[in-house]
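The chain contents come next:
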Amino acid sequence: MRILIHDNYEKLSNWVAHYVARKINTAKPTAENPYVLGLPTGSSPIGTYKALVKLYKEGKVSFKNIVTFNMDEYVGISEDHHESYHYFMQDKLFRHIDILNANINILDGNVPDLEKECHDYEERIKKAGGIDLFLGGIGPDGHIAFNEPGSSLNSKTRIKTLTYDTIQANSRFFDNDINKVPKTALTVGVGTVMSSKEVLIIINGYKKARALQKVVEDGVNHMWTVSMLQLHEHGIICCDDESTMEMKVGTVKYFKDIEHKALSNLPKLQ
């Protein structure tokens with residue numbers, strides 16, 4: 001597992017965007033053989049999405065032959081609701097780039113049969129050839145997507161009842177009223193993410209410091225679901241200095257030393 005520690009969130013986001021763009025350009029995707037991205041929502045990837053839009057507008061990357069699968073979606077709110085993840089993705093990324101609508105996959109929390117929707121989502125991922133690169137963020141409790149503490153590390157896409165902590169944390173997006181926050185969601189599983197060929201997790205800010213410490217310095221634990229990344233063949237954590245405040249000085253120094261070259265230069269775009 002690689003740990004890249006950037007000076008700040010802006011540098012982190014710019015590096016991740018260039019890394020994603022380089023992966024796309026190197027793959028030379030076509031309509032018959034697209035490059036498949038897994039994408040998150042939340043605050044962590046916003047800087048990366050902004051930087052990707054900039055690279056697209058500069059003509060340095062195209063998303064025309066990209067297929068995307070998002071991590072999760074609330075159950076019971078409309079796609080055009082300002083807090084739905086459909087809305088988030090259109091607002092932060094999709095409407096600014098040349099991706100085809102037919103290539104966008106986001107779980108539908110309003111279908112009559114939610115279990116079938118989850119099963120079909122896994123099948124669509126398989127039909128696409130699997131996910132080449134899955135981006136993710138984490139919560140302060142170390143969860144990925146809606147795989148909260150205690151989730152199976154082999155879990156697949158499923159219906160998830162949200163914990164009170166998650167509902168309370170997300171109430172800030174719903175007029176600070178916990179009664180307006182959906183109580184269930186559809187989410188890819190930890191196993192779904194880890195089945196990807198490559199996984200890159202974005203972690204920033206002091207509020208994520210304890211989670212980063214647990215994920216990096218402690219063992220694999222279903223109470224910190226991102227810790228499963230330790231077992232992935234091609235797992236990367238991109239974080240900023242603030243998020244490393246709970247890790248040992250020696251751990252931070254070690255990863256800064258071995259990743260010095262990568263941190264000094266943006267991934268080259270071809």
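Up top is the structure.
Please read these numbers as outputs of a predicted model, since none were measured by experiment.

Visitor: Please clarify how the sheet that holds strand β7 (residues 158-161) should be interpreted in this entry.
Guide: Hydrogen bonds between backbone atoms are what pair the strands of a sheet, whose relative direction is either parallel or antiparallel. The strand order β4-β8-β7 describes an open sheet built from three strands, whose pairing is antiparallel. The two strands at the open ends of the sheet, each matched to only one other strand, are β4 (72-74) and β7. Averaged over all neighbouring strand pairs, the angle between strand axes comes to 25°, with direction disregarded. Here three bridges tie β4 to strand β8 (residues 184-187), and the two strands are oriented antiparallel to one another. Bridge pairing links Tyr-74 to Ala-185 in β8. The strands touched by helix α4 (residues 114-127) are β7 and β8; relative to β7, the strand with the most contacts, the crossing angle is about 125°.

Visitor: How should the pairing of β8 be read in this particular structure?
Guide: Here is the key point about a regular strand: its side chains alternate between the two faces of the sheet. As judged from the four bridges shared by β7 and β8, these two strands associate in the antiparallel manner. In the strand pairing of β8, Lys-160 is matched with Ala-185.

Visitor: Just to check I follow, could you spell out the packing of helix α1 (residues 9-27) against helix α2 (residues 46-57) for this structure?
Guide: Viewed as axis vectors pointing N to C, α1 and α2 meet at an angle of 50°, and their least axial separation amounts to 8 Å. When the interaxial angle is binned, α1 and α2 end up oblique. Once α1 is placed against α2, the crossing between them reads as right-handed. Between α1, through Tyr-9, Ser-13, Asn-14, Val-16, Ala-17, His-18, Val-20 and Ala-21, and α2, the contact on the second element is made entirely by Ile-46, Gly-47, Thr-48, Ala-51, Leu-52 and Leu-55. Looking at the contact of α1 with α2 residue by residue, the class counts come to nine nonpolar, five polar and no charged.

Visitor: I'm lost on the sheet that holds strand β10 (residues 235-240) in this one. Help?
Guide: Strand order in this open sheet of seven strands is β1-β10-β9-β6-β2-β3-β5, and the pairing throughout is parallel. In this open sheet, the two edge strands, each paired with only one partner strand, are β1 (2-6) and β5 (104-105).

Visitor: What is the right way to look at helix α8 (residues 249-258) in this model?
Guide: An α-helical turn contains 3.6 residues, so a residue and the one three or four places further along point in the same direction. Inspection of α8 places Thr-251, Val-252 and Phe-255 among the buried residues, and these make up the whole buried set. Each buried residue of α8 lies within a common arc of 95° when the element is viewed along its axis, so the set occupies one face. Set apart from the buried face of α8 by more than 90 degrees, the exposed residues are Val-249, Gly-250 and Lys-253. Looking at the buried positions of α8, the neighbouring elements they touch are β1 and α7 (209-217).

Visitor: What am I meant to see in α2 here?
Guide: Taking 1.5 Å per residue as the helical rise, α2 with its twelve residues ought to reach 16 Å, and the 17 Å between its terminal C-alpha atoms agrees with that figure. Listed as buried for α2 are Gly-47, Thr-48, Tyr-49, Ala-51, Leu-52, Val-53 and Leu-55. Contacts from the buried residues of α2 go to α1, β2 (35-39), α3 (85-92) and β9 (199-203). Downstream of α2 by a residue or two, Gly-59 has a phi angle that is positive, lying close to 75°.

Visitor: Would you take a moment to explain the state of the cysteines for this structure?
Guide: A disulfide bridge is the covalent bond that connects two cysteines by way of their sulfur atoms. Inspection of every chain in the model, using the stated rule, returns zero disulfides. In this structure Cys-239 is a free cysteine whose sulfur lies 7.5 Å from that of Cys-238, the closest cysteine sulfur available. Residue class for Cys-239 comes out buried when judged on its relative accessible area of 0%.

Visitor: Is there a simple way to explain the side chain of Ser-44 in this structure?
Guide: Within the secondary structure layout, Ser-44 lies in the loop between β2 and α2. Not counting the four nearest positions on each side in its chain, Ser-44 is found in contact with Tyr-9, Gly-137, Ile-138, Ile-202, Asn-204 and Lys-208.

Visitor: When you look at the pattern of salt bridges in this model, what are you seeing that I'm missing?
Guide: Pairing between side chains of opposite charge can happen when the charged atoms of each approach one another. If you walk through the whole model with that rule in mind, you get 15 salt bridges. Glu-198 is the partner of Lys-23 in a salt bridge, and the nearest nitrogen-oxygen pair spans 3.2 Å. Here Glu-198 lies in the loop between α6 (190-194) and β9 and Lys-23 lies in helix α1, a separation of 175 residues in the sequence. Looking at Glu-198, the relative accessible area reads 8%, which means it is buried. A salt bridge links Lys-160 to Glu-148; the shortest N-O distance between them is 3.0 Å.

Visitor: Would you take a moment to explain the environment of Val-193 for this structure?
Guide: As for its placement among the helices and strands, Val-193 is situated in helix α6. C-alpha separation for the pair Val-193 and Asn-154, spaced 39 residues apart in sequence, amounts to 9.6 Å. Aside from chain neighbours lying at most four places away, what touches Val-193 is Met-71, Phe-134, Ile-144, Val-188 and Val-199.

The rules behind the values
Each chain has its residues counted from 1, following the order in which its sequence is written. For a predicted model such as this one, the threshold for reporting local features is a pLDDT of at least 70, and the threshold for listing and counting side-chain atom pairs is 80 or more; totals across whole chains, interfaces and linings nevertheless cover every residue. Only heavy atoms go into the side-chain values, all of them from the structure, while hydrogens and water stay out. Paired strands, in this sense, are two strands between which DSSP finds at least two bridges. Starting at the N terminus, helices and strands are each numbered in turn, a helix being any DSSP run of H or I of at least four residues and a strand any DSSP run of E of at least two. Axis lines are fitted to C-alpha atoms, over the contacting stretch for helices. Their N-to-C directions set the angle, which ranges from 0 to 180 degrees. Residues count as neighbours in contact if any of their non-hydrogen atoms are within 4.5 Å of one another. Each angle gets one of four labels, with under 35 degrees taken as roughly parallel, over 145 as roughly antiparallel, 65 to 115 as roughly perpendicular, and the rest as oblique. What makes a crossing left-handed is the near helix being turned counterclockwise from the far one by less than a right angle; a clockwise turn instead makes it right-handed. When residues are grouped by polarity, Ala, Val, Leu, Ile, Met, Phe, Trp, Tyr, Cys and Pro land in nonpolar, Asp, Glu, Lys and Arg in charged, and all others, Gly among them, in polar. Using a 1.4 Å probe on the protein chains alone, a residue whose accessible area is under 20% of its type maximum counts as buried, one over 50% counts as exposed, and one in between counts as partly exposed. Within this analysis, the arc is defined by the directions that extend from the helix axis to the C-beta atoms. Expected span of a helix, by definition, is 1.5 Å for each gap between consecutive residues, and there is one gap fewer than residues. Cysteine sulfur pairs qualify as disulfides if the two atoms are within 2.5 Å. Here, a salt bridge means any Lys or Arg side-chain nitrogen found within 4 Å of an Asp or Glu carboxyl oxygen.

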